[in-house]
Amino acid sequence: MNPRVVTFHYTLKDKQGNLIDSSEGSHPLSYLEGVGQIIAGLEEEIKHLKAGDKKVISVDADKGYGKKNAELIFDVPKSQFPQDEELTVGMMFQTDEPDTVYTITEIKGESIIVDGNHPLAGVDLVFDVQIINTREATDEEVTHGHVHGEGGHHHH
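Given the structure is predicted, the values throughout are model-derived calculations rather than measurements. (Residues numbered from 1 in each chain as written. Predicted model: local features only at pLDDT ≥ 70, side-chain atom pairs only at ≥ 80, totals over all residues. Heavy atoms only, no water.)

For the protein chain, the count of helices and strands is 2 helices and 9 strands. Tracing the protein chain from N to C terminus, the helices and strands come up as β-β-β-α-β-β-β-β-β-β-α. The C-alpha radius of gyration of the protein chain comes to 19 Å, more than 25% above the 15 Å expected for a compact globule of 156 residues. Dimensions of the protein chain, computed from C-alpha atoms along their principal axes, come out at roughly 55 × 40 × 30 Å. Classification of the 156 residues of the protein chain by burial places 33% in the buried group. Sequence-distant contacts, at least 24 apart, represent 62% of the contacts inside the protein chain between residues at least 6 apart. In the structure as shown, the protein chain presents an accessible area of about 9,700 Å², 49% of it carried by carbon and sulfur atoms. With 13 positive and 28 negative side-chain charges, the protein chain shows a separation of 9 Å between the mean positions of the two kinds. (Helix = DSSP H or I, 4+ residues; strand = E, 2+ residues; numbered from the N terminus. Rg over C-alpha atoms; globule rule 2.2 N^0.38 Å. Buried < 20%, exposed > 50% of the residue type's maximum accessible area, 1.4 Å probe, protein only. Contact = heavy atoms within 4.5 Å. Areas by Shrake-Rupley, 256 points an atom, 1.4 Å probe, with all protein chains shown as cover. Lys, Arg positive; Asp, Glu negative; His and termini not counted. Charge placed at Lys NZ, Arg CZ, Asp CG, Glu CD.)

Following this line, the structure appears as structure tokens:
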């Protein structure tokens, strides 16, 4: 038996109630269970739900985007950045290091503080989810490792 494809709407807030993201007014999110397409703490709770279920799910940082890694926060000389680009706090960029996006968190004269942690690392999350649909994944979806069709991936 293949894993499920789960389609759900969500509202994501931090523990203080600040809105981070929401699918409201947009398409629901679909994912293939068991392949790491959503954070572990959320998937652990959703795997027990069925279509029509609603649940508020708290996910601690360690089961979300992880704890902040201090080694990924460091200072880079301003001279290392393109001189024709205006640098601003919040600006994100990628280096030759694959899979790491850095965010400028502080500008101190000629010193730029960058953070390679995920923006939600160290943040305890609260998801308000509503399961729209669940179905068995197709053999092709399992082979490809992602959902096809509405809310998923389309091959052209």
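Position of Asp 115 among the secondary structure elements: in strand 8 (residues 111–115). Of the polar contacts made by the side chain of Asp 115, one reaches the side chain of Lys 68; its length is 2.8 Å. When neighbours within four sequence positions are excluded, Asp 115 is seen to be in contact with Lys 68, Leu 72, Ile 73, Val 101, Tyr 102, Thr 103 and Thr 105. (Polar contact = N/O pair within 3.5 Å; in protein donor to acceptor, adjacent residues only side chain to side chain.)

This next bit is on the sheet that holds strand 7 (residues 101–108). Judged by pairing direction, the sheet is antiparallel, and its 4 strands sit side by side in the order 5-8-7-6 without closing on themselves. Taken across any chain shown, the strands that pair with only one partner, and hence form the sheet edges, are strand 5 (73–77) and strand 6 (92–94). Strand-to-strand twist across the sheet, computed as the mean angle between neighbouring axes with direction ignored, equals 40°. Across 5 bridges, strand 7 lies against strand 8 in antiparallel orientation. Paired with Lys 108 across the bridge in strand 8 is Ser 111. (Pairing = 2+ DSSP bridges. Axes fitted to C-alpha atoms, helices over the stretch in contact; angles between N-to-C directions.)

The next point concerns the domain arrangement of the protein chain. Once the domains are mapped, the protein chain shows domain 1 (4–65 + 121–144) and domain 2 (70–115). A separation of 31 Å is found between the C-alpha centroids of domain 1 and domain 2. (Domains from an automatic or database assignment.)

Estimates place the volume of the largest pocket at around 180 Å³. When contributions to the lining of the largest pocket are tallied by element, the ones reaching two or more residues are strand 1 (4–14) and strand 2 (19–22). The element contributing the most residues to the lining of the largest pocket is strand 1, with 3 residues. A per-class count over the lining of the largest pocket returns 11 nonpolar, no polar and 1 charged. (1 Å grid on protein atoms, 1.4 Å probe; cavity = no way out; pocket = protein on both sides within 12 Å on 5 of 7 lines; lining within 4 Å. Points joined across faces, edges and corners; volume = space filled by probe spheres on them. Nonpolar A, V, L, I, M, F, W, Y, C, P; charged D, E, K, R; others polar.)

With that out of the way, let us pick up the pairing of strand 2. Bridge count between strand 1 and strand 2: 3 bridges; the pairing is antiparallel. Across the sheet, residue Thr 11 finds its bridge partner in strand 2, namely Ser 22. As consecutive antiparallel partners, strand 1 and strand 2 are separated by 4 residues, and within that stretch Gly 17 has a phi angle of approximately 90°, a positive value.

The next subject is the packing of aromatic side chains. In total, this model carries 5 aromatic pairs according to the counting rule given. Ring geometry for Phe 81 and Phe 93: centres 5.4 Å apart, planes at 85°, overall edge-to-face. Of this pair, Phe 81 sits in the loop between strand 5 and strand 6 while Phe 93 is found in strand 6, placing the two residues 12 residues apart along the sequence. Judged by relative accessible area, Phe 93 falls into the partly exposed class, the value being 22%. A centroid spacing of 5.8 Å and a plane angle of 25° characterise the contact between Phe 93 and Tyr 102, whose relative ring orientation is stacked. Residue classification places Tyr 102 among the buried positions, given a relative accessible area of 4%. Each residue in the set Phe 74, Phe 81, Phe 93 and Tyr 102 is aromatic and connected to the rest through ring pairs, giving one cluster. (Phe/Tyr/Trp six-rings, centres within 6.5 Å; stacked < 30°, edge-to-face > 60°.)

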